[in-house]
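Structural overview
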Amino acid sequence: MPKRGNNSKIRRFAAHRGPALTFDDVLLVPKYSDVRTRRDVDTHARLTTKIELGIPIVSANMDVVTEASMAIAMARCGGIGIIHRFITAEEEAREIEKVKRSESLMIENPLTLGPDSKISDAKKVLDEYGIGGIVIIGEGRKLLGMLTTRDIMLQDNPATKVREVMTPRKRLVTAPPNVSLNDAYKLLKDNKVEKLPLVDKSDRLTGLITSSDLLKRIQFPNASKDKKGRLLVGAAIGVKGDYMDRAKKLVDAGADVLVVDIAHGHSSNAIDALKAVKKAWDVQVIVGNVATPEGTRDLMKAGADAVKIGVGSGSICVTRIVTGFGVPQLTAIMESAIVAEDYGVPIIADGGIRTPGDIVKALAAGASTVMIGGLLAGTDESPGPVVLKNGRKYKLTRGMASLTATLDRRRSEGAADAIREKEVVEGVLEGRTPEGVEGLADYKGKTEEVVRDLIGGVRSGMSYCGVRSLKDLQKNAEFIRITSAGFKESMPHDIHQM
Ligand code: IMP
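Residues numbered from 1 in each chain as written. Predicted model: local features only at pLDDT ≥ 70, side-chain atom pairs only at ≥ 80, totals over all residues. Heavy atoms only, no water.

**Considerations on the site of the ligand**
Taken together, the neighbourhood of the ligand is formed by 21 residues, with Ser315, Asp350, Gly373, Gly374 and Ala401 sitting nearest. In the environment of the ligand, an oxygen atom lies 2.8 Å from a nitrogen or oxygen atom belonging to the backbone of Gly373. Interatomic distance of 2.9 Å between a backbone N/O atom of Met400 and a nitrogen atom of the ligand. For the ligand, the accessible surface in isolation is 500 Å², of which the surrounding protein chains cover 88%. Grouping the amino acids of the shell around the ligand by side-chain chemistry returns eight nonpolar, eleven polar and two charged. (Near = heavy atom within 4 Å. Polar contact = N/O pair within 3.5 Å; in protein donor to acceptor, adjacent residues only side chain to side chain. Areas by Shrake-Rupley, 256 points an atom, 1.4 Å probe, with all protein chains shown as cover. Nonpolar A, V, L, I, M, F, W, Y, C, P; charged D, E, K, R; others polar.)

Okay, structure coming up:
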């Protein structure tokens, strides 16, 4: 059992430390800087002991924030998204597959269909994975043709066989399995085609290279990628029930990192789950959330590859109100960072980020990356529709421990048992007081643009600190506490803001 250390009595009445602080309680003191342009700074950050990102931003594992489309957008920007766990394990694994199939140097297992499939089946696959074409193969994976969205766009009989509309083998441009990327680029360009199936000497399909993948390499040069050139993605699991089955499905689907997700991470449940996952697979594991150095230490001791810090700081969180527990986020980060440094394991500041300046403060206080929920909840890539209210656009957002999120979860779990609505509601209400709320997030457009603004602030912050790396930001940063008058002065004042 983890020990609290011999200062526990003093810590119980922690007033001796002075008040715990959060982002608005402090500012960073400007330092001499020879950084001439913001482009000169390097935003690379450690997500876990083995994974590095181009930018220090992670999208939260919430059902109003991260599914495949958010994870794709985040990885293209150089960050990463963590798929939430409030769907079935199969659905979560499919979200991982969508990210992994969204781009790669070479697709090893392209989606295929037989020539006698109906075009309605093909349409389903194309829509589901958001791709532009399917390779058509026969017995022994022999290449027979290619079917693209253009081939079926104007076909109005869904029962039409694929073989009737596909581009047949003899008209396809192909390449051998070991073709270089430069040669593949030339073949695609010279023949003005979008897809290059790779075939062995017996004309069996071994892979696929697409022009859109090659273009994305140019368009998103800082994307976070695995060894096969596929986008990085993480996925959350719980600590109870079938979490090991879920973890297996996610690892098999190609998740680069798992997040053991529990509201109170400084617990035997979290430590047991972490150890079980680390024992079963060679996969990077993030665990959280905790808000103390003791919690951070115990999870790092148990083998965490990164620890998430934040209890009660989230935009949709009422844990502190409902339970009385929590630690203001800046203090939680600063104290955990001291332990993290000893272990050489990164920490992720999760919750409460409202501005680019908050990110700079979190990183300067010792976090390696930040996890963001609310700020990304109203983007095009967050799940859910845009809603209109009084002429303004919003998206729904909610805490994962809110009443509606818990109800939705129980309903989907209970669906198999034909559980009745009344029983679901009563079960939830009796079970637990919600620790999250629901609300409307401003519609914010593209994730890419939101992230660009956030990173612009981080780069600027680094130049105010006179540093070129996030590591040096932590070394050189000096915090100063401010009063409410100082905070007021920090905001725009004495004008009618437009
Ligand atoms: P935000 O960036 O301030 O919106 O915080 C996002 C974080 O809030 C998530 O990554 C979670 O750690 C946390 N969170 C999500 N749902 C809940 C909830 O219902 N109650 C408490 N915390 C939550």
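Text resumes after the structure shown.
**A word on the packing of aromatic side chains**
The final tally for this structure, using the stated rule, is zero aromatic pairs. Cation over ring: Arg101 sits above Tyr129, and NZ or CZ is 5.8 Å from the ring centre. (Phe/Tyr/Trp six-rings, centres within 6.5 Å; stacked < 30°, edge-to-face > 60°. Lys NZ or Arg CZ within 6 Å of the ring centre and 35° of its normal.)

**Quick look at the packing of helix H2 (residues 68-77) against helix H3 (residues 89-102)**
The N-to-C vectors of H2 and H3 enclose an angle of 40°; their axes lie 9 Å apart at closest approach. In terms of orientation, H2 and H3 fall into the oblique class. Here H2 and H3 pass one another in a crossing that is right-handed. Within the contact between the two elements, H2 uses Ala68, Ala71, Ile72 and Arg76 and H3 uses Glu95, Lys98, Val99 and Ser102. The residue inventory of the contact of H2 with H3, partitioned by class, reads four nonpolar, one polar and three charged. (Axes fitted to C-alpha atoms, helices over the stretch in contact; angles between N-to-C directions. Helix = DSSP H or I, 4+ residues; strand = E, 2+ residues; numbered from the N terminus. Parallel < 35°, antiparallel > 145°, perpendicular 65-115°, else oblique. Left-handed = near helix turned anticlockwise from the far one by under 90°. Contact = heavy atoms within 4.5 Å.)

**Structural notes on the pattern of salt bridges**
The final tally for this structure, using the stated rule, is 29 salt bridges. Note that Lys100 and Asp226 form a salt bridge whose closest N and O atoms lie 3.0 Å from each other. Here the residue Lys100 occupies a position in helix H3, and Asp226 occupies one in the loop between helix H8 (211-219) and strand E12 (234-237), the gap between them amounting to 126 residues. Taking the relative accessible area as the measure of exposure, Lys100 reaches 4% and is therefore buried. Among the residues examined, Asp226 registers a relative accessible area of 15% and is labelled buried. A network of salt bridges, in which partner residues are shared, links Lys100, Asp226, Arg230 and Asp256. (Salt bridge = Lys/Arg side-chain N within 4 Å of Asp/Glu carboxyl O. Buried < 20%, exposed > 50% of the residue type's maximum accessible area, 1.4 Å probe, protein only.)

**Concerning the pairing of strand E15 (residues 306-309)**
Residues Ala306 and Lys308 line one face of E15 and the alternating positions Val307 and Ile309 line the opposite face, and both faces are buried. Two elements, strand E14 (residues 284-290) and E15, share four bridges in a ladder whose sense is parallel. Counterpart to Val287 in the pairing with E15 is Val307. Crossover handedness for the path E14 to helix H11 (residues 293-301) to E15: right-handed. Across three bridges, the pairing between E15 and strand E16 (residues 347-350) is parallel. (Pairing = 2+ DSSP bridges. Right-handed = clockwise from strand over helix to strand, strands pointing away.)

**Quick word on the nonpolar core**
With 107 residues, the main nonpolar core has Leu47, Ile57, Ile333, Ile347, Ile359, Val370 and Ile372 as its most contacted residues. If you tally residues by element for this core, the top one is H2, at seven residues. Dropping the residues within four chain positions of it, Leu47 is found in contact with Leu53, Val58, Ile80, Val257, Ile286, Ala306, Pro346, Ile348 and Thr369. By size, the runner-up hydrophobic cluster in this structure holds eleven residues, among which are Leu113, Ile119, Ala122 and Ile134. (Core = buried A, V, L, I, M, F, W, Y, C linked by side-chain atoms within 4.5 Å.)

**Concerning the domain arrangement of the protein**
Each assigned domain of the protein is listed here: domain 1 (19-102 + 231-401 + 436-482) and domain 2 (112-216). On a C-alpha basis, the centres of domain 1 and domain 2 stand 38 Å from each other. In total, domain 1 and domain 2 occlude about 460 Å² of area from one another, counting both sides; carbon and sulfur atoms represent 49% of this. Looking at the side of domain 1 facing domain 2, the largest losses of area belong to Arg94, Lys98 and Arg101, adding up to 61% of the total buried there. Applying the counting rule to domain 1 against domain 2 returns one salt bridge. One can count two residue pairs in polar contact (both at pLDDT 80 or more) joining domain 1 with domain 2. (Domains from an automatic or database assignment. Buried area = accessible area lost by both parts, 1.4 Å probe.)

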